[in-house]
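# Reading the structure
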Amino acid sequence: MKKLNIFHHSPFPYYSGGIDTWLNNFISSFDETTEITLYCPTPPADSQIVFDIEGYTNLRVIYIGSFHSYATMVSWSLTLFKKLFFTVDKHANNLVLSTIPTMFSVILLKMFRRIKGSIICSVRGSLAQDAVDLRKPKLMQYMIRAVERSVIYFADHLVANGKDTSVYLETFYSSQSIVIPNGVNLDVRKNAIDNNSDNLVELERAKADGKVIFLHVGTVRPIKGIDFILEAYANLPRNIIDGSELVFIGKGQLDAYATKASILSIAPQFLGAKNNVSDYYKLADLVINVSGGSGVSNSLIEALHLGAPVLAWDNLTFSQVITHGDNGLLSKHLDTSALTAEMKGYFDGVYSFDSELVSQSVKQFEWEHVKHNWSKLLIES
């Protein structure tokens, strides 16, 4: 029997983010011949299960501590190290789902010779670049870059979740990586039930009345470009605002952004997290994804797979998937006016899309292809 340790920085299966969706897809790819032990933080007491993992007979989840800030992140890493010192299977291969903070614990285990199997670090974001883009203090930018540079040195394999992430690793750290993008697997969502069906009914009614549905799916926070979306929408002519609905699916800073929207004299719908995201993608006319993260995001390829064109920034994160005018629209990077213009162009009928062609454009990102690449890497490790 093959054995694999996975180290993750959020409680699985209690979060619905892209990395957790990917993890659920990944674990579902293996049968009982592969024994998987997942180490992750303890979920909050009121957490609700997002993914049904009862059928994963080869999976053991071990919850260890939690963290809520950069300071407690360090403490959690040390706690993880101490808890695993005598219990971790030292001969299993190890998959680490981030550079910071989880890689730090694995490095300590390797330094003390508590693990001897290969270490595969899945790099799922450009932390140092994000710190620059979000204008974090210079000291924090330096520290993030220094720590990340140190931890990736210990990885036997670096896996980037997109061409842009691979470029980031080469540019910032002169490190080579294997590109294995995220993959779409809607089977994990097919039995999901709407946790508030009234929301969907209202949107169906609005669309039947001729309104255009602009949709964003993802955590509602600055790194996802929410400020750009709200400001771009507020700059649209009044007839377009009245003839459309701007909808946000996802948890996050809902109250703060609702307040900002009110100040901008717009009334988007913040619906919170949804179990049946696919139903909302199918209803959307145009999905907006202007996240500042890197890699081929799950939300991007899920939207396209379901035939919904996507409006995104014109940078490598999105242009590696989207071709302007074919399966979506690319707007000048970080340009609110350009984003407004593309939204207006769509509303005015300048662009039209064939949902079947949009869906076919991401066929290479179907999970079976991604699964094959991961299986090959694990066999060779």
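Residues numbered from 1 in each chain as written. Predicted model: local features only at pLDDT ≥ 70, side-chain atom pairs only at ≥ 80, totals over all residues. Heavy atoms only, no water.

## Describing the packing of aromatic side chains
Convention followed: A pair of aromatic rings is counted whenever rings of Phe, Tyr or Trp (Trp by its six-membered ring) have centres within 6.5 Å, and the orientation is called stacked for planes under 30 degrees apart, edge-to-face for over 60 and tilted otherwise. Comment: elements are numbered from the N terminus, with helices defined as DSSP H or I runs of at least four residues and strands as E runs of at least two. We call a residue buried when its accessible area falls under 20% of the maximum for its residue type, exposed when it is over 50%, and partly exposed in between, using a 1.4 Å probe and counting protein chains only. Only when the NZ of Lys or the CZ of Arg is both within 6 Å of the ring centre and within 35 degrees of the ring normal is a charge said to sit over the ring.
Scanning the model with the defined rule gives 20 aromatic pairs in all. With a centroid separation of 4.9 Å and 20° between ring planes, the pair formed by Trp22 and Phe26 is classed as stacked. You can see Trp22 and its partner Phe26 sitting in helix H1 (residues 18–28), four residues apart, about one turn around the helix. Seen from their ring centres, Phe214 and Tyr233 are 6.2 Å apart, and the 75° between their planes marks the pair as edge-to-face. Of this pair, Phe214 sits in strand E8 (residues 212–217) while Tyr233 sits in helix H8 (residues 226–234), and the two are 19 residues apart along the sequence. For the pair Phe214 and Tyr233, a shared accessibility class is recorded, and that class is buried. For Arg124, the ring lying beneath its charged end belongs to Trp22, and the centroid distance is 4.7 Å.

## Considering the sheet that holds strand E11 (residues 286–289)
Here is the rule we go by: Between any two strands, pairing holds if DSSP finds at least two bridges. Two residues qualify as a contact provided that any one of their heavy atoms is within 4.5 Å of a heavy atom in the partner residue. Each axis is a line fitted through C-alpha atoms, and for a helix only the stretch in contact is used; angles between axes span 0 to 180 degrees, taken between their N-to-C directions.
If you trace the six strands from one edge of the open sheet to the other, you get E10-E9-E8-E11-E12-E13, paired in parallel fashion. Edge positions in the sheet fall to strand E10 (269–270) and strand E13 (328–331), since each of these pairs with one other strand and no more. Taken together, the three bridges between E11 and strand E12 (residues 310–313) define a ladder with parallel strand orientation. Within E12, the residue paired with Ile288 across the bridge is Leu311. Strands in contact with helix H14 (residues 336–347) are E8, strand E9 (244–249), E11, E12 and E13; relative to E13, the strand with the most contacts, it is inclined by about 155°.

## As for the packing of H8 against helix H10 (residues 254–263)
The packing of two helices is summarised by the inter-axis angle and the distance between the axes. How we decide: Working rule for angles: under 35 degrees goes down as roughly parallel, over 145 as roughly antiparallel, 65 to 115 as roughly perpendicular, anything else as oblique. Two helices cross in a left-handed way if the nearer one is turned anticlockwise from the farther one by less than a right angle. They cross in a right-handed way if the turn is clockwise. Only Asp, Glu, Lys and Arg are considered charged in this grouping, and only Ala, Val, Leu, Ile, Met, Phe, Trp, Tyr, Cys and Pro are considered nonpolar; every other residue, Gly among them, is considered polar.
In the contact formed by H8 and H10, the axes pass within 10 Å of each other and the chain directions differ by 25°. Relative to H10, the element H8 is oriented roughly parallel. Read as a crossing pair, H8 and H10 show a hand that is right-handed. Between H8 and H10, the residues in contact are Ile226, Asp227, Leu230 and Glu231 and Tyr257, Lys260 and Ala261, respectively. Among the residues making up the contact of H8 with H10, the classes are represented as four nonpolar, no polar and three charged.

## Side note on the side chain of Thr340
Considering the arrangement of structural elements, one finds Thr340 in helix H14. Take Thr340: its relative accessible area is 10%, and that puts it in the buried class. Contact partners of Thr340, with chain neighbours within four places excluded, come to Ala232, Asn235 and Leu236.

## Overview of the sheet that holds strand E6 (residues 157–160)
The strand order E3-E2-E1-E4-E5-E6-E7 describes an open sheet built from seven strands, whose pairing is parallel. With one partner strand each, in any of the chains shown, strand E3 (59–63) and strand E7 (178–179) form the two edges of the open sheet. Contacts from helix H16 (residues 367–380) reach strand E1 (2–7), strand E4 (93–96), strand E5 (119–123), E6 and E7 within the one sheet, and its direction differs from that of E5 by about 150°.

## Some points on the packing of helix H2 (residues 70–84) against helix H3 (residues 102–111)
The N-to-C vectors of H2 and H3 enclose an angle of 35°; their axes lie 8 Å apart at closest approach. For the element pair H2 and H3, the recorded crossing hand is right-handed. On H3, the residues that touch Trp76, Ser77, Leu78, Leu80, Phe81 and Leu84 of H2 are Thr102, Phe104, Ser105, Leu108 and Leu109. A breakdown of the residues in the contact of H2 with H3 according to their chemical character gives eight nonpolar, three polar and no charged.

## Quick look at the pairing of strand E2 (residues 34–40)
Defined as follows: Looking down the strands as they point away from you, a crossover is right-handed if its path from the first strand over the helix to the second goes clockwise.
Burial within E2 is extensive, with six of its seven residues counted as buried. Viewed along the sheet, the connection from E1 through H1 into E2 turns out right-handed. Examined bridge by bridge, E2 and E3 share five bridges and lie parallel to one another. Paired with Tyr39 across the two strands is Ile62, which belongs to E3.

Geometric descriptors of this kind do not, in isolation, establish any biological role.
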